[in-house]
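# Architecture and fold: a report
If you want the building blocks of each chain, they are given just below.
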Amino acid sequence: MRLAGPLTVAGIAGLRPRDLPLTGIERIDLSAVPAVDTVGIALIAEIVGKTQPRARVDGRPVGLTELCQAYRITPDFSDFP
């Protein structure tokens, strides 16, 4: 799955994870995401939590590392519960 654009309150308004096709996802590519906020972190976490096996998260948009530190998860979400 390749995400693009800001994963922020304004950037993903109206997007619901339940509307996304989540089957067969092995990787979430964030290379085209310029920035994330807490809503973006929640979206990524929701997607990761619904994939089996867990999808790998690639890319480091602005804000990802700092927010993941605040929530005590690694930026690649490999330790997400």
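Placed above this text is the structure.
If you're wondering where the values come from, they're calculated on a predicted model, not measured in any experiment. (Residues numbered from 1 in each chain as written. Predicted model: local features only at pLDDT ≥ 70, side-chain atom pairs only at ≥ 80, totals over all residues. Heavy atoms only, no water.)

### Section: the pairing of strand 2 (residues 27–32)
Our working rule: Pairs of strands are assigned from DSSP output, requiring at least two bridges between the strands. What counts as a helix is a DSSP run of H or I of at least four residues, what counts as a strand is a run of E of at least two, and both are numbered from the N terminus. Throughout, right-handed denotes a crossover for which the path from the first strand over the helix to the second runs clockwise when the strands point away from the viewer.
The sheet contact formed by strand 1 (residues 2–4) and strand 2 spans two bridges and is parallel. In the sheet register, Arg2 faces strand 2, and the bridge partner there is Asp29. Relative to strand 3 (residues 56–58), strand 2 is paired through three bridges, and the arrangement is parallel. Paired with Arg27 across the bridge in strand 3 is Arg56. Taking the sense of rotation as the criterion, the β-α-β connection linking strand 2, helix 1 (residues 38–50) and strand 3 turns out right-handed.

### As for the nonpolar core
This is how it is decided: In this description, a nonpolar core means a group of buried Ala, Val, Leu, Ile, Met, Phe, Trp, Tyr and Cys residues linked to one another through side-chain atoms lying within 4.5 Å. Note on exposure labels: buried denotes an accessible area under 20% of the residue type's maximum, exposed denotes more than 50%, and partly exposed covers the range between, all computed with a 1.4 Å probe on protein chains only. Whether two residues are in contact is decided by their heavy atoms: any pair within 4.5 Å suffices.
Counting residues in each nonpolar core, the largest one holds 23 residues, and the members touching the most others are Leu7, Ile28, Leu30, Val36, Ile44, Leu64 and Phe77. If you list the elements that add at least two residues to this core, you get strand 2, helix 1 and helix 2 (64–71). Beyond its immediate stretch of four places on either side in the chain, Leu30 contacts Leu3, Leu7, Ile44, Val57, Asp58, Gly59, Pro61 and Leu64.

### Let's talk about the environment of Glu66
With respect to the helices and strands, Glu66 occurs in helix 2. Along the primary structure Glu66 and Ser31 are separated by 35 residues, whereas in three dimensions their C-alpha atoms are 17 Å apart.

### Focus on the environment of Asp19
Tracing the chain through its elements places Asp19 in the loop between strand 1 and strand 2. Owing to a relative accessible area of 46%, Asp19 belongs among the partly exposed residues under this scheme. Put simply, Asp19 and Arg2 are 17 residues apart on the chain and 15 Å apart in space, counted from C-alpha to C-alpha.

All quantities given are derived from atomic positions and should not be read as evidence of function.
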